Amino acid sequence: MPASDLTLLTETALKAGEIARSFVGNELSIQQKPDDAGPVTAADLAVNTMLEDRLREARPDYGWLSEESTDDDARQGKERVFVVDPIDGTRAFIEGGKTWSHALAVVENGEPVAAVVYLPMMDKVYTATRGQGARLNGLPIGVSATKQPDEANVLAVKHSADPQFWTHPVPNFKRHHRPSLAYRLSLVAQGRYDAMFTFRRSWEWDIAAGALILAEAGARVTDRRGSPLRFNNPVPQTDGVVGANPKLHAALLDRMA
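Residues numbered from 1 in each chain as written. Predicted model: local features only at pLDDT ≥ 70, side-chain atom pairs only at ≥ 80, totals over all residues. Heavy atoms only, no water.

With that settled, the discussion passes to the overall build of the protein chain. When you go through the protein chain residue by residue, the secondary structure sums to six helices and 16 strands. Its C-alpha radius of gyration of 17 Å places the protein chain within 12% of the 18 Å reference for a compact globule of 257 residues. Taken along its principal axes, the extent of the C-alpha atoms in the protein chain is 50 × 40 × 35 Å. When the accessible area of the protein chain is evaluated, it comes to approximately 11100 Å², of which 47% is carbon and sulfur surface. (Helix = DSSP H or I, 4+ residues; strand = E, 2+ residues; numbered from the N terminus. Rg over C-alpha atoms; globule rule 2.2 N^0.38 Å. Areas by Shrake-Rupley, 256 points an atom, 1.4 Å probe, with all protein chains shown as cover.)

Put into structure tokens, the structure is as follows:
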């Protein structure tokens, strides 16, 4: 089933890209979500409608979890669940940037088994199936070999370098940023950067697809405490994310508070 799921996710992600691109330069009808949860646009909603219609029709026995859909407790009783973010990096999308993505995953018994992260404006399609490696536009990718935090190029928000998060002096890493968490995970999988981490509680739809892609590229991907990531939780969040090759991952965790 995972192989055919990957085909379904890939074809659907490409369709999502067509829809999202059609909104670029046009009216976005931007609204603010309750509880300061960020903006949502007409593009987010249009993509979400297509994803839900297409994916649930193809796999009616799968559960559903999306940033832009009302959550349904029924998903918790499903063996397999779609976990999707129609547009990850909505603020970048609104600002006319290119580094937003569509993130689609199938989770089986709490673990991602098929994943796609697609950046339509950059023509990048990251894919992975559990046990079969990770790819970018069909070509195999893998993580970097950097071992020491002080030598690492990392993807993290500015506050991640605050001393409160580190038990020892803050490592002398070079910090970079991308708005899409799914893209950050995928860039580390590609070996463009050595690690990514966030100490904030992370929504499952932001990380499920990228976490599988990064793990299949040879990384260890955990929460900020080093525990394995589990998905389809009653509250669909994880306690942050840390992803890097195993040696760098261990070195980072050793220095995190």
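Now for the side chain of Asp223. Here Asp223 lies in the loop between β14 (220-222) and β15 (237-238). Buried within the structure, Asp223 lacks any salt-bridge partner; Arg225 is the closest side chain of opposite charge, at an N-O distance of 6.4 Å. If we ignore the near neighbours within four places in the chain, the residues touching Asp223 are Leu229, Asp239, Gly240, Val241 and Val242. (Buried < 20%, exposed > 50% of the residue type's maximum accessible area, 1.4 Å probe, protein only. Lys, Arg positive; Asp, Glu negative; His and termini not counted. Salt bridge = Lys/Arg side-chain N within 4 Å of Asp/Glu carboxyl O. Contact = heavy atoms within 4.5 Å.)

Further remarks concern the environment of Asp239. Considering the arrangement of structural elements, one finds Asp239 in the loop between β15 and β16 (241-244). In this structure, the C-alpha to C-alpha distance between Asp239 and Trp203, residues 36 residues apart in sequence, is 9.3 Å.

It is worth spelling out the sheet that holds strand β10 (residues 153-155) at this point. As summarised here, the arrangement of the five strands in space is β11-β10-β12-β16-β14, forming an open sheet in which the pairing is mixed. The open sheet has two edge strands, β11 (174-176) and β14, and neither has a second partner. Taken pair by pair, the neighbouring strands of this sheet meet at an average axis angle of 20 degrees, ignoring direction. For β10 and strand β12 (residues 195-198), the ladder comprises two bridges, and the chain directions are parallel. Counted as the bridge partner of Val154 is Ala195 from β12. Packed on one face of the sheet, helix α4 (residues 181-190) meets β10, β12 and β16 and runs near 150 degrees to β12. (Pairing = 2+ DSSP bridges. Axes fitted to C-alpha atoms, helices over the stretch in contact; angles between N-to-C directions.)

Where a strand is regular, its side chains alternate between the two sheet faces. Of all the six residues making up strand β7 (residues 124-129), six are buried; the element is thus mostly covered by neighbouring parts of the structure. The alternating pattern of β7 places Lys124, Tyr126 and Ala128 and Val125, Thr127 and Thr129 on opposite faces, both of which are buried. Bridge count for strand β6 (residues 111-119) against β7 is six bridges, and the pairing is antiparallel. Along β7, the bridge assignment pairs Val116 with Thr127. Remark: four residues form the turn of the hairpin made by β6 and β7, two consecutive strands paired antiparallel; Asp123 in that turn has positive phi of roughly 55 degrees. Here β7 folds back onto strand β8 (residues 134-136), and the loop between the two strands holds four residues, one of which, Gly131, carries a positive phi near 85 degrees.

Side chains of β12 alternate between two faces, with Ala195 and Phe197 and Met196 and Thr198 buried alike. Where β12 meets β16, four bridges bridge the pair, whose relative direction is antiparallel. Residue pairing for β16: Met196 is matched across the bridge by Gly243.

Running from N to C, α4 and helix α5 (residues 204-216) cross one another at 5 degrees; their axes reach a closest spacing of 8 Å. Considering the angle they form, α4 stands roughly parallel to α5. Along the contact surface, α4 presents Leu181, Ala182, Leu185, Ser186, Val188 and Ala189, while α5 presents Asp206, Ile207, Gly210, Ala211, Ile213 and Leu214. (Parallel < 35°, antiparallel > 145°, perpendicular 65-115°, else oblique.)

Val117, Tyr126 and Ile213 are the most contacted members of the largest nonpolar core, which totals 38 residues. Residue assignment for this core shows that the elements contributing at least two residues are β4 (80-88), β5 (101-108), β6, β7, β8, α4 and α5. At eight residues, the largest contribution of residues to this core is made by α5. Dropping the residues within four chain positions of it, Ile213 is found in contact with Ala115, Val116, Val117, Tyr126, Thr127, Ala128, Ala134, Ile141, Ser186 and Ala189. (Core = buried A, V, L, I, M, F, W, Y, C linked by side-chain atoms within 4.5 Å.)

This part takes up the layout of surface pockets. A volume near 940 Å³ is recorded for the largest pocket. What lines the largest pocket is a set of 30 residues, and nearest its centre among them are Ala37, Glu67, Arg91, Trp203 and Asp206. Mapped onto the lining of the largest pocket, the elements with two or more residues apiece are β2 (39-40), β4, α3 (90-94), α4, β13 (202-203) and α5. Its residues placed into classes, the lining of the largest pocket shows 12 nonpolar, six polar and 12 charged. Lining the second largest pocket are Glu111, Pro112, Arg130, Ala211, Leu212, Ala215, Glu216, Val221, Pro228, Leu229, Arg230 and Phe231. For the lining of the second largest pocket, the secondary-structure elements that each account for two or more residues are β6 and α5. The element best represented in the lining of the second largest pocket is α5, accounting for four residues. When its residues are assigned to classes, the lining of the second largest pocket shows eight nonpolar, no polar and four charged. (1 Å grid on protein atoms, 1.4 Å probe; cavity = no way out; pocket = protein on both sides within 12 Å on 5 of 7 lines; lining within 4 Å. Points joined across faces, edges and corners; volume = space filled by probe spheres on them. Nonpolar A, V, L, I, M, F, W, Y, C, P; charged D, E, K, R; others polar.)

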